[in-house]
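The primary structure of each chain is shown beneath.
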Amino acid sequence: MNERLRWGILGANSWIAGEAIAPSIRRSRNGRLVALASRKLTAPVNAPEGVRVVSYEALLDDPEVDAVYIPLPNSMHLEWAVRAAEAGKPVLCEKPLAPTYHEAARIVAAFERRGVPLMEGLMYRFHPQHRRVLALVASGAIGEIVEVRAHLSVDIMNPPDPSNVRLKPELGGGALLDMGCYTISVARMVYGVEPVAVRGWWKIDDRFAVDVAAGGVLEFPGARMALVSCSFEGFGNGFYSAIGRKGVIEAPRAIIQGLGTRLGEALIITMDADGRRSEETIASLDHYQLIVEAFADAVLNKSSVPLPPSDSLANMRVLDAFATSAREGREVRL
């Protein structure tokens, strides 16, 4: 294996590939982008100099590609992740790992059979602001956590673009899968345990037959709760708060880098029961670069990935229960 991980991106024309992952790989300290895969090789692809454009199959067969990023629509994750595993290629897969827990479990099983690294692309987890939040929680700064609130939104409905994959049910679209995966992950991260029940709601846009907003309550052990919400109809915003018996921690620009003001800079606000308020800022960091570097370190060093597939399966289990609850109008026990 080289000192730098040689990356291929399986899907050349998505925003996440061209504007987020490809530049982050090229800036990374331990990676190099060598190939982009396109379904239509006759169509133009804006490939950086020195980066080959090949078919999906050719990328998986390429001995010069050490690892693959999969930014494809959710409905295509199962097929191409499994094919990558069978080709022996480590995969960093765009979130959510799959549209359902069943498909995610099949992906994880394929990588376990082949002994190949797999990690879900929940890039926010690699920003140091969350380690700081968890350290404050662990220190008892705000006492026992009794409630978590997490929200993520971006307005893609004013006006909607019918070609947007997030509005196509056959491709695994919808706000819950696209954005709810983050807010549920945040709640699980802060509590450090799994929820025991969920009650979810969603708003279906009949023009596209997908949910464009969703919200719900997760019950955690000890009758503690998390309020989670996501939307394709709100302005770009991603935040969470942890409410304790002695105070509250707020992370107002926490999930998608650049949403809100002070672009790229992270802010952590702590308030205690006596009304004292403190603010900490963390300089702008590219969490996409941080996740590709962390994954590359694991592959190059033959060590475990820092965000294991078991975490992805746990998140998918909650997402499935949330969808069932919203669809059937009832609480779902986990």
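With that settled, consider the overall build of the chain. Summing up its helical and strand segments, the chain has 8 helices and 15 strands in all. The C-alpha radius of gyration computed for the chain amounts to 20 Å, which stays within 12% of the reference 20 Å derived for 334 residues, consistent with globular compactness. When its C-alpha atoms are laid out on the principal axes, the chain stretches across 60 × 45 × 40 Å. Relative to its 334 residues, the chain shows a buried fraction of 57%.

What follows is about the pattern of salt bridges. Inspection of the entire model under this criterion finds 24 salt bridges. One salt bridge in this structure joins K203 and E233, with 3.1 Å as the shortest N-O distance. Of this pair, K203 sits in strand β8 (residues 197-205) while E233 sits in the loop between β10 (224-231) and β11 (237-244), and the two are 30 residues apart along the sequence. Among the residues examined, K203 registers a relative accessible area of 37% and is labelled partly exposed.

For the rest of this paragraph, the subject is the state of the cysteines. In total, this model carries 0 disulfides according to the counting rule given. This cysteine, C181, is not joined by any disulfide, and C230 carries the nearest cysteine sulfur, 8.5 Å off. For C181, a relative accessible area of 0% corresponds to the buried category. A relative accessible area of 4% means that C230 is categorised as buried.

For the rest of this paragraph, the subject is the side chain of D62. By secondary structure assignment, the location of D62 is in the loop between α2 (56-61) and β4 (67-70). Among residues more than four places away in sequence, those in contact with D62 are R52 and K89.

Along the chain, S24 turns up in helix α1 (residues 15-27). Looking at S24, the relative accessible area reads 1%, which means it is buried. A sequence separation of 125 residues divides S24 from R149, and the C-alpha atoms of the two residues are 30 Å apart. Not counting the four nearest positions on each side in its chain, S24 is found in contact with D286, Y288, Q289 and V292.

As a further point, take the pairing of strand β12 (residues 247-251). Across the 5 residues that make up β12, a large majority, 4, are buried. Here β11 runs beside β12; their pairing, made up of 4 bridges, is antiparallel. Within the sheet, the bridge partner assigned to I243 lies in β12 and is V248. The antiparallel pairing of β11 with β12 creates a hairpin that spans 2 residues between the two strands. In the sheet, β12 pairs with strand β13 (residues 266-272) via 4 bridges, with the strands oriented antiparallel.

To continue, consider the nonpolar core. Generally speaking, soluble globular proteins have nonpolar side chains that are buried together. Formed by 115 residues in total, the largest nonpolar core has its most connected members in W7, I9, L10, L59, L218 and Y240. A total of 11 residues in this core trace back to one element, the largest contributor, which is helix α6 (residues 175-191). L10 has contacts with A37, Y56, L59, V68, Y69, I70, P71, L72 and W80, leaving out every residue within four places of it along the chain.

Attention now goes to the packing of helix α4 (residues 101-114) against helix α8 (residues 309-328). It is at 9 Å that the axes of α4 and α8 come closest, and there the two elements cross at 165°. In terms of orientation, α4 lies roughly antiparallel with respect to α8. When the axes of α4 and α8 are compared, the crossing they make is left-handed. For the pair formed by α4 and α8, the contact residues are Y101, H102, A104, A105 and V108 on the first element and P309, L313, M316, R317 and D320 on the second. Partitioning the contact of α4 with α8 into residue classes produces 7 nonpolar, 1 polar and 2 charged.

Looking now at the pairing of strand β2 (residues 31-37). Burial within β2 is extensive, with 6 of its 7 residues counted as buried. Note that strand β1 (residues 5-10) and β2 share 6 bridges and pair parallel. Bridging from a neighbouring strand, L10 pairs with A37 of β2. Each parallel crossover has a hand, and for β1 linked through α1 to β2 it is right-handed.

Criteria and cut-off values
- Residues numbered from 1 in each chain as written.
- Predicted model: local features only at pLDDT ≥ 70, side-chain atom pairs only at ≥ 80, totals over all residues.
- Heavy atoms only, no water.
- Helix = DSSP H or I, 4+ residues; strand = E, 2+ residues; numbered from the N terminus.
- Rg over C-alpha atoms; globule rule 2.2 N^0.38 Å.
- Buried < 20%, exposed > 50% of the residue type's maximum accessible area, 1.4 Å probe, protein only.
- Salt bridge = Lys/Arg side-chain N within 4 Å of Asp/Glu carboxyl O.
- Disulfide = S-S within 2.5 Å.
- Contact = heavy atoms within 4.5 Å.
- Pairing = 2+ DSSP bridges.
- Core = buried A, V, L, I, M, F, W, Y, C linked by side-chain atoms within 4.5 Å.
- Axes fitted to C-alpha atoms, helices over the stretch in contact; angles between N-to-C directions.
- Parallel < 35°, antiparallel > 145°, perpendicular 65-115°, else oblique.
- Left-handed = near helix turned anticlockwise from the far one by under 90°.
- Nonpolar A, V, L, I, M, F, W, Y, C, P; charged D, E, K, R; others polar.
- Right-handed = clockwise from strand over helix to strand, strands pointing away.

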